[in-house]
Structures are given as structure tokens and as C-alpha cells.
Amino acid sequence: MGQQADGPDERHRRPEGVSDATVAALGKLSEALECVERARGHLYSMHQLIGHADLMLDDAVEQFHAAGHSHLADRIATELRGRNVIAGRWTFQIVEDFDDGYHALFREVDQQARDELVGGRRHLYEAEMKERRRSRGRPGHEARPSGEG
């Protein structure tokens, strides 16, 4: 029982009969999903940055007009401001397509794999790595927050 209290909680313990190869494969799928989540964050950053840049063009147009460069102001206002970033799409449409398509499928497959193979448990690979790497009984190396058991 002491060993159990000093180990991972139930949701981070490998179910009976699950192989090392299965835990490793789930860990790799989880790692891939984490990369996709980071990419999604960058996509949202692009969405916000492009939107901000487009709004900044209003000031540039005004300043070019004030500086006597109406031909540049007019070109920015008619050709660049409000332009699609790829054919037929503003960045919000790219984000929506990514979220509803690739990202949704990736999350669905990850969830299916975890549900079918380990009862929905997450981060088993990392939980087992933590157990191998922590120094039992040392402050800052607890298996879980105090009070959980």
C-alpha cells in the first residue's frame, strides 16, 4: 500500500495487460498531437497578426494621403487592405477549416486510441517516465500532490 500511495494515481497507471509497445505508440501519438496543438497556436497567432496588420493599413493609407502620395495610398486601400491571404480566404476561414478538419480528426483519433487501448487514460508514457526518473522520498519528487491518494 505504501508503494501505491507513493506512485501515480489510478488515471496515470497502465491498465493490466497493456504492453510497453502500446504505451510507446500512444506516447508517440500524444507527442504528435502536442506538436499539432503548437502549430494551431501559431496559426492563431498568424490570424491575429494578419488581422492587426490589415487594420494598421488604415493609418498607412491616411498617412500616405497626408504626405501627398495618393497613388500609393489608393493602391494600398484597393489592392492590399482587406485582401484574401490565400485564394478566397481570410485567415479566420483558414483557422476554421483547420479546426473543423485536420485538428478535429487528429483529436478524434487520439481519443479513440486511448479509449480503445487504455480506458481513455492520458500521458501514461510520461507518467511511467516520471516514476523512473524521480527520487522517491525527496522534496519536489512526489508522485502527486499531497492529499491525493
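In this report, we go over the structure that sits alongside the text. Everything quoted here is computed from the prediction, not taken from an experiment.

## Things to note about the side chain of Asp110
- Along the polypeptide, Asp110 turns up in helix 4 (residues 91-118).
- For Asp110, a relative accessible area of 6% gives the class buried.
- For Asp110, the residues in contact, after removing those within four places along its chain, are Leu29, Ser30 and Leu33.

## Some details on the nonpolar core
- Leu33, Val36, Leu43, Ile94, Val95, Phe98 and Phe106 together form the largest nonpolar core, which totals seven residues.
- At the level of secondary structure, the elements contributing two or more residues to this core comprise helix 2 (20-66) and helix 4.
- Counting residues per element, this core draws most heavily on helix 4, which supplies four residues.
- In this structure, Val95 is in contact with Leu43, Tyr44 and His47, ignoring residues within four places of it in sequence.
- Grouped together as the second largest cluster of nonpolar side chains are six residues, Val18, Val23, Leu26 and Leu124 included.

## Focus: the packing of aromatic side chains
- Throughout the structure, instances matching the rule amount to three aromatic pairs.
- Between the aromatic rings of Trp90 and Phe92, the centroid separation amounts to 6.4 Å while the plane-to-plane angle is 80°, which identifies the pairing as edge-to-face.
- Residue Trp90 is classed as partly exposed on the basis of its relative accessible area, which comes to 39%.
- Of the residues examined, Phe92 reaches a relative accessible area of 37% and is grouped as partly exposed.
- On the basis of an interplanar angle of 65° and a centroid distance of 5.7 Å, the ring pair of Tyr102 and Phe106 is categorised as edge-to-face. Here the residue Tyr102 and the residue Phe106 both occupy positions in helix 4, the gap between them amounting to four residues, near one helical turn.
- Tyr102 gets classed as partly exposed once you look at its relative accessible area, which sits at 49%.
- Site record: aromatic cluster; members linked through ring pairs are Phe98, Tyr102 and Phe106.

## Description of a nonpolar patch on the surface
- Together, Met46, Ile50, Val85 and Ile86 give the surface a local cluster of nonpolar side chains, amounting to about 290 Å² of exposed area.
- As for its position among the elements, Ile86 is in the loop between helix 3 (70-80) and helix 4.

## Details of the pattern of salt bridges
- In total, this model carries 16 salt bridges according to the counting rule given.
- As a salt-bridge pair, Asp58 and Arg81 come within 3.0 Å of each other at their nearest N and O atoms. Of this pair, Asp58 sits in helix 2 while Arg81 sits in the loop between helix 3 and helix 4; the two residues are 23 residues apart in sequence, bridging distant segments of the chain.
- We classify Asp58 as partly exposed; its relative accessible area is 35%.
- Residue class for Arg81 comes out partly exposed when judged on its relative accessible area of 32%.
- One connected set of salt bridges, linked through shared partners, spans Asp6, Glu131, Arg134 and Arg136.

Quick notes on the rules
- Residues numbered from 1 in each chain as written.
- Predicted model: local features only at pLDDT ≥ 70, side-chain atom pairs only at ≥ 80, totals over all residues.
- Heavy atoms only, no water.
- Helix = DSSP H or I, 4+ residues; strand = E, 2+ residues; numbered from the N terminus.
- Buried < 20%, exposed > 50% of the residue type's maximum accessible area, 1.4 Å probe, protein only.
- Contact = heavy atoms within 4.5 Å.
- Core = buried A, V, L, I, M, F, W, Y, C linked by side-chain atoms within 4.5 Å.
- Phe/Tyr/Trp six-rings, centres within 6.5 Å; stacked < 30°, edge-to-face > 60°.
- Patch = residues over 30% accessible without salt bridge, like charges linked within 9 Å, V, L, I, M, F, W, Y side chains within 5 Å.
- Areas by Shrake-Rupley, 256 points an atom, 1.4 Å probe, with all protein chains shown as cover.
- Salt bridge = Lys/Arg side-chain N within 4 Å of Asp/Glu carboxyl O.

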